[in-house]
Amino acid sequence: MLLLGIDVGGTHTDAVAIGPDGLEAQVKVATEHDNLLSSIRNSLGEILRHTDPSRIRQLNLSTTLSTNSIVEGNYEDVGVIVSAGPGLDPHSFMTCKDFHVIPGSLDHRGSETKRLDNLSLEEAIVSCRNAGIKVYAAVTKFSPRNPAHEKSIELAIGDNADFITLGHQLTGRLNFPRRISTAFYNCAVWRVFNKFADAISDTLDEMGLGQIKVNILKADGGTMPLDLSRKVPVQSIFSGPAASVMGIIALCNITHDSIIYDIGGTTTDIAIFAGGSPLIEQEGIHIGSHPTLVRALKVHSIGIGGDSAISILDGSVRVGPNRLGPSIAFGGEIPTLTDALIWKDSCDCGNTELSKSGFTAFAAKHGLEADELADQAIGYAVDKIHDSTRSLVDEINQQPVYTIHELLENRKIIPRKIYIMGGPAQAMKMDVFRKFRLSTEVPRNYDVANAIGAALTRTTTELELFADTERGLMFIPSLGHRENIPRNYRIEDAEKDAMNHLLAHLGEMHVASDGSNAQITSSSSFNMVNGASTVGRNIRVKCQIKPGVDRTYS
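Draft legend 1. Summary view of the side chain of D468. Tracing the chain through its elements places D468 in strand β27 (residues 462-468). A relative accessible area of 4% places D468 in the buried class. Those residues within four positions of D468 in sequence are excluded, and the remaining contacts are R109, L473, I485, M528 and R537.

Laid out in structure tokens, this is it:
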């Protein structure tokens, strides 16, 4: 049995095959930004040359596709139809030009306080249709408590849409502005992601791998089945940094507050661990200027990598943030951080003679000795990494600390160790150590750690259950599940039901789980009072399959 992991990075696409006894094959190919599928196909082809295809059971894939689509503005127009009622003006959260606010409202318990204005809704749909809109987001305030208005919008849109995102299906969490942004971006990348998913499936069929299970990495450090990712492609945003974190978890036994560096070809990703657990953006990440409900591991990226170009401005040596092609060692024309490391004999890769010759010529052109240029370039890169890390730790220590497993109350992060992965990791280890004066470790297979993390990451999911005993109703928004409950329904009943539905949902996704990785992350019950009498309880339970790796590889 083999598990495949592929990580599509900014410079290279890495692929690994992991068997019961460890790593059996690894490859590294150049990433073609205009054709990510080609990068994946090439890496798969190389892996198949070294493995028995009949042994392959699963492929976990980390892709930059959704992220790139948003950053580059390569997504289609979306029709966003919202309904809010009293309170903040929804126009304050406008995400696109085809944004329509429809009169109608629900209260915080999900009771309708004002019916949807069907005339306004029809006018909004006609406007979107005339604009050529084919994907829609329907989001109403308090829809996790009652999705009726969103479903009415969906019904009215009907055949006008190729795809519709309903806000309550994305998450059970309340936050109307974030839900609008999340639904918008989910629609915006839906078509480009699904074309990519189709191509992945076709490629696997061509290679005789059509029977294997395919998962896509999520930003929160878990995976989701390819079929599910087609409906919620927004969850694949920032899956690359997640692969970095899961890779270090798979390769190292981290127990202290630690700093994690993934030094790639284009960027350095910085993550912080608290007591052995990675931190997470609890409320959700910002995409551009819009806050979303996409939970993601807390990772900060800076424009320092092995292929970051060296420049000299006003006599000062700088590295990055631009990548202007490969290093001289690999046929480029402008020296990079990798070329500086080669000059110092810290790195042995590519054509070292060509690298040193080009590096010397560049230094002489600017009136510098090559050794001086290399020292300043490496020093600049390490200083940037150091300063960014200090700023990140300071930022974290000014707010509540959330790990992927729990909230750490009144916890201050004091890093005691550094772990480095990525192509230049070994070459930069001593420079980083001298700057930080902290124990510094580079794990084995550091150059393909992302792909190892991708291969071993487990499938995760989460859900929220709400119960209102006065109304005799229990519902799970993300699953579209509602059922009647007795008035004596207790929080213990809710926790049991939440866990049962979580495991059943995994079963529907064809994911085997014995429940050992399932956990209740929050649970609360509040009495509802009318006059002097308690009329019922409002119960909320949130549970998840813990992000992590199915097994370590150390």
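There's more to say after this.
Draft legend 2. Molecular detail of the sheet that holds strand β12 (residues 223-225). Across the sheet, 6 strands lie side by side as β3-β2-β1-β4-β11-β12; this open sheet has mixed pairing. Both edges of this open sheet fall to β3 (22-30) and β12, since each of them pairs with a single strand only. Mean inter-strand twist for the sheet, computed between neighbouring axes without regard to direction, equals 20°. Where strand β2 (residues 12-19) and β3 come together, 8 bridges link them in antiparallel fashion. Its bridge partner lying in β3, A17 is registered against A25. Where helix α14 (residues 449-456) meets the sheet, it contacts β1 (2-8), β2, β4 (56-62) and β11 (213-217), and its direction lies at approximately 130° from that of β1.

Draft legend 3. Expanded view of helix α9 (residues 239-251). The end-to-end C-alpha separation of α9 is 18 Å, in line with the 18 Å expected for 13 residues at 1.5 Å each. Burial runs high along α9: 13 of the 13 residues are buried.

Draft legend 4. A look at the sheet that holds strand β31 (residues 533-545). Taken together, 5 strands build an open sheet; the order of strands is β29-β28-β27-β31-β30 and the sheet is antiparallel. For this open sheet the edge positions go to β29 (481-484) and β30 (518-530), each flanked by a neighbour on one side alone. The mean angle between the axes of side-by-side strands here comes to 15°, regardless of whether they run parallel or antiparallel. Pairing of β27 with strand β28 (residues 473-476), which is carried by 3 bridges, proceeds in the antiparallel orientation. Counted as the bridge partner of D468 is L473 from β28. The strands that helix α15 (residues 491-508) touches are β27, β28, β29, β30 and β31; relative to β31, the one it contacts most, it runs at about 35°.

Reading the values: rules and limits
Residues numbered from 1 in each chain as written. Predicted model: local features only at pLDDT ≥ 70, side-chain atom pairs only at ≥ 80, totals over all residues. Heavy atoms only, no water. Helix = DSSP H or I, 4+ residues; strand = E, 2+ residues; numbered from the N terminus. Buried < 20%, exposed > 50% of the residue type's maximum accessible area, 1.4 Å probe, protein only. Contact = heavy atoms within 4.5 Å. Pairing = 2+ DSSP bridges. Axes fitted to C-alpha atoms, helices over the stretch in contact; angles between N-to-C directions. Expected span 1.5 Å × (residues − 1).

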